[in-house]
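# Tertiary structure, described
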Amino acid sequence: MNAHFQFNGHVMSQEVCEKHGLQKISTGKNLTCPECAREFVLAEKTKHQAETDRAVFEKHIASAMLPDRHLHSAFSNYQTHTQGQAHALSQCASYAQRITAKRISNFIMVGSTGTGKTHLACATAKHLLKKGLKARYITSEEIAQRIMNAWDKDTKDQSEEAVIYQFAQYDLLIVDEYGLHDRDKRMELVHKVLTKRYDSKKPTMLISNFTLKKLHDDLGDRLWSRFQHDGLTVVECNWQDLRMSSQ
C-alpha cells in the first residue's frame, strides 16, 4: 500500500514515474506524474493548434479558387527538363518567399500554352496559403464578368466599386489567361482591378500567352509603369508545350 503526504496542497505518493523519476500526485482515484500531465496538456494544445491551422488552410484554399487540375500543384512536383524551367521555378519560389516576408512586388509570366505557367502560379499561391496569407486565382475574363454581373445588382455591396475593392484585398491576386478577355470594355475593367491593387500596395501575378512586347502594349505605358514601381520580376516561358510532349 502506497504512503501519501501533503506537499504544496497536493497529495504526494511514494510511487515514482519511471519516465521522469518524479513522485506521482493523487488526482482522485489516480496517481499522475506532474511532468507527464504537463506533456499531455502541451500535446493537446499542439494538436488543437494543428487542427485549427488545418481548418484555416482548407478555408483559404477554398477561397483561393485554384483550378481542380492544380489543387496538388506545388514547387516540389514541378518537373524541370530545361534551364528555362529551372529558372522559372526558382523565380516563382523566390517570389513566394518575398510576398510571405511582406516585400511587395509584381510578377509577370508570359509564354505559349502548356509551359507550366499555371502550375507555378498555383504553387506560389499554395505557399502563401500555408503561411496564413490570402491568395486568389482568377482569369482576366472572370474578373470582367464578375464586375459586369454587379451592374445587374441593386445592393451597394454588389456594386462595381465593391467588387473591385474585394479583388484589392488579397495578399496576392493571380490573374491568369490575361488577354483572352474580350477587348475594349472588358479590358478596361481588368485594368481597373490592376490599378486598384497598385493603389492599395498589393502584389499581382499576371500570366499571359502574349509576348512580353504585346503584353506591354496591351497594358499601356501607364499601367506598365505602375507594375514596375514596387519591383517587377518577368519570366518568359519559351520552351515547348509540355502537354503535347507528354503524349
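In short, a report on the structure. Since the structure is predicted, the reported quantities are computational estimates derived from the model, not experimental observations.

### Let's talk about the pattern of salt bridges
- Inspection of every chain in the model, using the stated rule, returns 7 salt bridges.
- When the shortest N-O distance is used, the salt bridge between Arg186 and Glu141 registers 2.3 Å. Here Glu141 lies in helix H4 (residues 140-150) and Arg186 lies in helix H6 (residues 185-199), a separation of 45 residues in the sequence.
- Judged by relative accessible area, Arg186 falls into the buried class, the value being 14%.

### Here we look at the nonpolar core
- Core analysis: the largest hydrophobic core is formed by 30 residues, its most contacted members being Met109, Leu120, Ile174 and Met205.
- Secondary structure elements with two or more residues in this core: helix H1 (34-64), helix H2 (83-100), strand E5 (106-111), helix H3 (117-130), strand E6 (135-139), strand E7 (172-178), strand E8 (204-208) and strand E9 (232-237).
- By residue number, the principal contributor to this core is H3, which donates 7 residues.
- Those residues in contact with Met109 that lie beyond four places of it in its chain are Cys92, Lys117, Leu120, Ala121, Met205, Leu206, Ile207, Ser208, Val235 and Cys237.
- Judged by nonpolar contacts, the second largest core, of 26 residues, contains Ala144, Tyr170, Met187 and Val190.

### Quick word on the pairing of strand E3 (residues 23-27)
- Alignment of E3 against strand E4 (residues 30-32), held across 3 bridges, turns out to be antiparallel. Bridging across to E4, Ile25 finds its partner in Thr32.
- Between E3 and E4, which pair antiparallel one after the other, the connecting turn spans 2 residues, and Gly28 there sits at a positive phi close to 85°.

### Brief notes about the environment of His72
- Relative to the helices and strands, His72 resides in the loop between H1 and H2.
- Residue His72 is classed as exposed on the basis of its relative accessible area of 68%.
- Placed 54 residues apart in sequence, His72 and Lys126 show a C-alpha to C-alpha distance of 9.0 Å.
- When near neighbours in sequence (up to four residues on either side) are disregarded, His72 contacts Asn77 and Lys126.

### Here's the deal with the sheet that holds E9
- In space, the 5 strands of this open sheet follow the order E6-E7-E8-E5-E9, with parallel pairing throughout. Strands with a single pairing partner mark the edges of an open sheet, and in this sheet they are E6 and E9. On average, each strand axis in the sheet is inclined to that of its neighbour by 15°, with strand direction left out of account.
- As judged from the 4 bridges shared by E7 and E8, these two strands associate in the parallel manner. Considered in E8, the bridge of Leu173 is made with Thr204.
- Sitting on the sheet, H2 is in contact with E5, E7, E8 and E9, with an inclination near 160° to E5.

### Digging into the packing of H4 against helix H5 (residues 160-167)
- Two elements in contact, H4 and H5, have axes separated by 8 Å at closest approach and are oriented at 145°. As for how H4 packs across H5, the hand of that crossing is right-handed. Of the residues in H5, those touching H4 at Ile143, Arg146, Ile147 and Ala150 are Glu160, Val163, Ile164, Gln166 and Phe167.
- The residue inventory of the contact of H4 with H5, partitioned by class, reads 6 nonpolar, 1 polar and 2 charged.

### Digging into empty space enclosed by the protein
- Applying the stated criterion to the full structure yields 1 cavity of 30 Å³ or more.
- Ile104, Asn106, Leu194, Arg197, Tyr198, Lys202, Thr204, Arg226, Phe227 and Asp230 together form the lining of the largest cavity.
- Those elements giving two or more residues to the lining of the largest cavity turn out to be H6 and helix H7 (212-229).
- Element by element, the count of residues in the lining of the largest cavity is highest for H6, at 3 residues.

### Overview of the side chain of Thr195
- Locating Thr195 in the fold gives a position in helix H6.
- Among the residues examined, Thr195 registers a relative accessible area of 19% and is labelled buried.
- When sequence neighbours within four positions are dropped, the list of residues in contact with Thr195 reads Leu223 and Arg226.

### Remarks on the packing of H2 against H3
- Axis separation between H2 and H3 bottoms out at 9 Å; the angle between their running directions is 30°. Considering the angle they form, H2 stands roughly parallel to H3. Where H2 crosses over H3, the two elements pack in a sense that is right-handed. Packed against H2, whose contacting residues are Ala88, Leu89, Cys92, Tyr95, Ala96, Gln97, Ile99 and Thr100, the element H3 presents Leu120, Thr124, His127 and Leu128 at the interface.
- Considering only residue class, the contact of H2 with H3 consists of 8 nonpolar, 4 polar and no charged.

Conventions we followed
- Residues numbered from 1 in each chain as written.
- Predicted model: local features only at pLDDT ≥ 70, side-chain atom pairs only at ≥ 80, totals over all residues.
- Heavy atoms only, no water.
- Salt bridge = Lys/Arg side-chain N within 4 Å of Asp/Glu carboxyl O.
- Helix = DSSP H or I, 4+ residues; strand = E, 2+ residues; numbered from the N terminus.
- Buried < 20%, exposed > 50% of the residue type's maximum accessible area, 1.4 Å probe, protein only.
- Core = buried A, V, L, I, M, F, W, Y, C linked by side-chain atoms within 4.5 Å.
- Contact = heavy atoms within 4.5 Å.
- Pairing = 2+ DSSP bridges.
- Axes fitted to C-alpha atoms, helices over the stretch in contact; angles between N-to-C directions.
- Left-handed = near helix turned anticlockwise from the far one by under 90°.
- Nonpolar A, V, L, I, M, F, W, Y, C, P; charged D, E, K, R; others polar.
- 1 Å grid on protein atoms, 1.4 Å probe; cavity = no way out; pocket = protein on both sides within 12 Å on 5 of 7 lines; lining within 4 Å.
- Points joined across faces, edges and corners; volume = space filled by probe spheres on them.
- Parallel < 35°, antiparallel > 145°, perpendicular 65-115°, else oblique.

Don't take any of this as a statement about function, it's just geometry.
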